[in-house]
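# Residue-level structure breakdown
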Amino acid sequence: MKNQIILNLPVQDLARSKAFFAALGFTFSDRFSGENAVFMNIVGDTIQAMLTTEPFFESLIGKPVAQAKQANEVVICLSCDSREEVDTLIAKAVAAGGRTPHPPEDHGFMYDQGFEDLDGHLWNLVWVAEEA
């Protein structure tokens with residue numbers, strides 16, 4: 001098995017979350033998918049996520065699921081190829097029901113903005129100039 005990053009994210013409504021991320025352009029695989037989870041490709045087959053129903057996620061960890069709309073433990077940061085890609089993905093996230101917790105930050109050599117998905121997980125999109 002090659003090196004991969006697979007995030008596991010609990011969601012309240014699996015079908016709704018799948019539709020949200022599909023609207024952002026993420027693709028899905030039947031691999032490991034079922035009634036309690038869906039396997040999402042974020043960056044090819046290198047970075048992926050398992051979106052799991054909260055009860056199933058809880059059965060995996062043996063403790064209560066943190067509610068990301070109330071408190072966050074992690075921010076998922078993805079790099080983009082351009083400022084325009086950051087803006088396009090943010091617009092898609094908002095159109096699909098997400099929200100932006102802060103305005104874009106433009107540092108000249110770096111541009112970023114984040115969105116909160118339907119379950120409150122925070123995603124940050126960043127473009128960094130090659131010369132930085």
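Here's a quick rundown of the structure.

### Examining the packing of aromatic side chains
- Counted under the stated rule, the structure contains seven aromatic pairs.
- Ring centres of Phe26 and Trp123 lie 6.3 Å apart, and the angle between their planes is 35°; this geometry places the pair in the tilted category. A residue pair is termed long-range when its members are at least 10 positions apart, and Phe26 in the loop between helix H1 (14–23) and strand E2 (27–29) and Trp123 in strand E8 (residues 122–128) qualify at 97 residues. The same class applies to Phe26 as to Trp123, namely buried.
- In textbook terms, an aromatic cluster arises when at least three aromatic residues are bridged by ring pairs, as seen for Phe20, Phe21, Phe26, Phe115 and Trp123.
- Sitting over the ring of Phe28, Lys18 keeps its end group 5.2 Å from the ring centre.

### Comments concerning the sheet that holds E8
- With respect to topology, four strands assemble into an open sheet ordered E5-E8-E7-E6, the strand pairing being mixed. One side of each edge strand has no neighbouring strand; the edge strands of this open sheet are strand E5 (75–79) and strand E6 (105–106).
- Pairing between E6 and strand E7 (residues 110–116): two bridges, direction antiparallel. Residue pairing for E7: Glu105 is matched across the bridge by Asp112.
- Along the sheet face, helix H3 (residues 83–95) touches E6, E7 and E8 and points at about 10° away from the line of E7.

### Examining the nonpolar core
- Met40, Leu51, Phe115, Trp123 and Leu125 are the most contacted members of the largest nonpolar core, which totals 26 residues.
- Those elements that place two or more of their residues in this core are strand E1 (5–11), H1, strand E3 (37–43), strand E4 (47–53), E5, H3, E7 and E8.
- No other element matches H3, which puts four residues into this core.
- Apart from the residues lying within four places of it in its own chain, the contact partners of Phe115 are Phe20, Leu24, Ile90, Ala93, Arg99, Thr100, Pro101, His121, Leu122, Trp123 and Leu125.

### Section: unusual backbone geometry
- Even without glycine at this site, Phe32 takes up a positive phi of about 65°.
- For Phe32, a relative accessible area of 55% puts it in the exposed group.

### What about the sheet that holds E4?
- Taken in spatial order, the four strands of this open sheet run E1-E4-E3-E2, and their pairing is mixed. Each end of this open sheet is capped by a strand with a single partner; those strands are E1 and E2. Here the average twist between neighbouring strands, direction ignored, is 30°.
- Here H1 sits on the sheet and contacts E1, E2, E3 and E4; the angle it forms with E4, its principal contact strand, is near 155°.
- Sheet contacts for helix H2 (residues 54–61): E1 and E4; angle to E4, the most-contacted strand, approximately 105°.

### Digging into the state of the cysteines
- Summed over the entire model, instances satisfying the criterion amount to zero disulfides.
- In this model Cys77 remains outside any disulfide bridge; the closest cysteine sulfur is found in Cys80, 8.6 Å from its own.
- Cys80 gets classed as buried once you look at its relative accessible area, which sits at 7%.

### Some thoughts on the pairing of E7
- Most of E7 sits inside the fold, with six of its seven residues counted as buried.
- Two successive antiparallel strands, E6 and E7, enclose a turn made up of three residues, where Gly108 displays a positive phi of approximately 85°.
- Bridge count for E7 against E8 is seven bridges, and the pairing is antiparallel. Looking at E8, one finds that Phe115 is bridged to Trp123.
- Two successive antiparallel strands, E7 and E8, enclose a turn made up of five residues, where Gly120 displays a positive phi of approximately 95°.

What counts as what
- Residues numbered from 1 in each chain as written.
- Predicted model: local features only at pLDDT ≥ 70, side-chain atom pairs only at ≥ 80, totals over all residues.
- Heavy atoms only, no water.
- Phe/Tyr/Trp six-rings, centres within 6.5 Å; stacked < 30°, edge-to-face > 60°.
- Helix = DSSP H or I, 4+ residues; strand = E, 2+ residues; numbered from the N terminus.
- Buried < 20%, exposed > 50% of the residue type's maximum accessible area, 1.4 Å probe, protein only.
- Lys NZ or Arg CZ within 6 Å of the ring centre and 35° of its normal.
- Pairing = 2+ DSSP bridges.
- Contact = heavy atoms within 4.5 Å.
- Axes fitted to C-alpha atoms, helices over the stretch in contact; angles between N-to-C directions.
- Core = buried A, V, L, I, M, F, W, Y, C linked by side-chain atoms within 4.5 Å.
- Disulfide = S-S within 2.5 Å.

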